Amino acid sequence: MGETDFILKLLNPKTQNEAFKKLLSEYQKPLYNHIRNIVLNHDDTDDVLQNTFVKVFQYLKTFNGDSKLLSWIYRIATNEALTFLKNKAKRNGISSESMQSKIVDNLAADSYFDSSGIQLKLQQAINELPEKQQLVFKMRYFEEIKYEDMSEISGTSVGALKASYHHATKKIEIFMTKD
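Residues numbered from 1 in each chain as written. Predicted model: local features only at pLDDT ≥ 70, side-chain atom pairs only at ≥ 80, totals over all residues. Heavy atoms only, no water.

Caption draft 1: Representation of the nonpolar core. Core analysis: the largest hydrophobic core is formed by 52 residues, its most contacted members being Leu23 and Leu69. It is helix H4 (residues 69–91) that contributes the most residues to this core, 11 residues altogether. (Core = buried A, V, L, I, M, F, W, Y, C linked by side-chain atoms within 4.5 Å. Buried < 20%, exposed > 50% of the residue type's maximum accessible area, 1.4 Å probe, protein only. Helix = DSSP H or I, 4+ residues; strand = E, 2+ residues; numbered from the N terminus.)

What follows is the structure in structure tokens.
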């Protein structure tokens, strides 16, 4: 079934439930991984994932087909994750950067995270990057998303994404080799 037909099934009240179940079964795991790479905490990831699917369902009728459906859903997931982190920081009365550092520091106690030394140090290195470089690095390194797809998700040119990834890897390399 083509993407257009699938979207029509999602929009049709008669086929909507079945189509949405298919959407969940196909996209839940990759979206969980994508969101987890941003928010880092399992419980927070579940909350953001649920909000993402609610928004997808709520706004599907506004999807205009300028990008692939998956790219549009990833854009929603990314925005939901970033908004979640900003709101969490605001609720705690600290900056987004301080919140991110606190989350990375708590990774060692997270039973869903392999807190071996190298993984924790990598997360600390990523945390030192600007937000845009963090996103690009995580999508490319952990999820192996192609630059063209990242471009659709982020609305950033392929060239700018490649430059961000290059700068991110250099900074991470420096961080990982110091000490």
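Caption draft 2: Representation of the packing of aromatic side chains. All chains considered together, the criterion is met by eight aromatic pairs. Geometrically, the ring pair formed by phenylalanine 20 and phenylalanine 57 is edge-to-face, given 5.1 Å between the ring centres and 75 degrees between the ring planes. In this pair, phenylalanine 20 sits in helix H2 (residues 16–39) while phenylalanine 57 sits in helix H3 (residues 42–59), placing the two residues 37 residues apart along the sequence. A centroid spacing of 5.0 Å and a plane angle of 85 degrees characterise the contact between tyrosine 141 and phenylalanine 142, whose relative ring orientation is edge-to-face. For tyrosine 141, a relative accessible area of 44% puts it in the partly exposed group. A residue is classified by how much of its surface remains accessible, and phenylalanine 142, at 29% relative accessible area, is partly exposed. Joined through ring pairs, the aromatic side chains of Phe137, Tyr141, Phe142, Tyr147 and Tyr165 make up one cluster. Residue placement shows arginine 140 over the ring face of tyrosine 147; its charged tip is 4.4 Å from the ring centre. (Phe/Tyr/Trp six-rings, centres within 6.5 Å; stacked < 30°, edge-to-face > 60°. Lys NZ or Arg CZ within 6 Å of the ring centre and 35° of its normal.)

Caption draft 3: Seen up close, the environment of asparagine 17. Relative to the elements of secondary structure, asparagine 17 occurs in helix H2. Given a relative accessible area of 60%, asparagine 17 falls into the exposed group. In this structure, the C-alpha to C-alpha distance between asparagine 17 and glycine 117, residues 100 residues apart in sequence, is 44 Å.

Caption draft 4: Structural view of the side chain of threonine 156. Tracing the sequence through the fold places threonine 156 in the loop between helix H8 (147–154) and helix H9 (158–177). For threonine 156, a relative accessible area of 16% puts it in the buried group. Polar side-chain contacts of threonine 156 include one of 2.5 Å to the side chain of lysine 132. Excluding its chain neighbours within four sequence positions, the residues that come into contact with threonine 156 are Lys132, Ser151 and Leu161. (Polar contact = N/O pair within 3.5 Å; in protein donor to acceptor, adjacent residues only side chain to side chain. Contact = heavy atoms within 4.5 Å.)

Caption draft 5: Expanded view of the packing of H2 against helix H7 (residues 131–142). Contact geometry of H2 with H7 gives a least axis separation of 10 Å together with a crossing angle of 135 degrees. As far as their axial angle goes, H7 and H2 are oblique. Seen from above, H2 lies across H7 with right-handed handedness. For the pair formed by H2 and H7, the contact residues are His34, Asn37 and Ile38 on the first element and Leu135, Lys138, Met139 and Phe142 on the second. Taken together, the residues of the contact of H2 with H7 sort by class into four nonpolar, two polar and one charged. (Axes fitted to C-alpha atoms, helices over the stretch in contact; angles between N-to-C directions. Parallel < 35°, antiparallel > 145°, perpendicular 65-115°, else oblique. Left-handed = near helix turned anticlockwise from the far one by under 90°. Nonpolar A, V, L, I, M, F, W, Y, C, P; charged D, E, K, R; others polar.)

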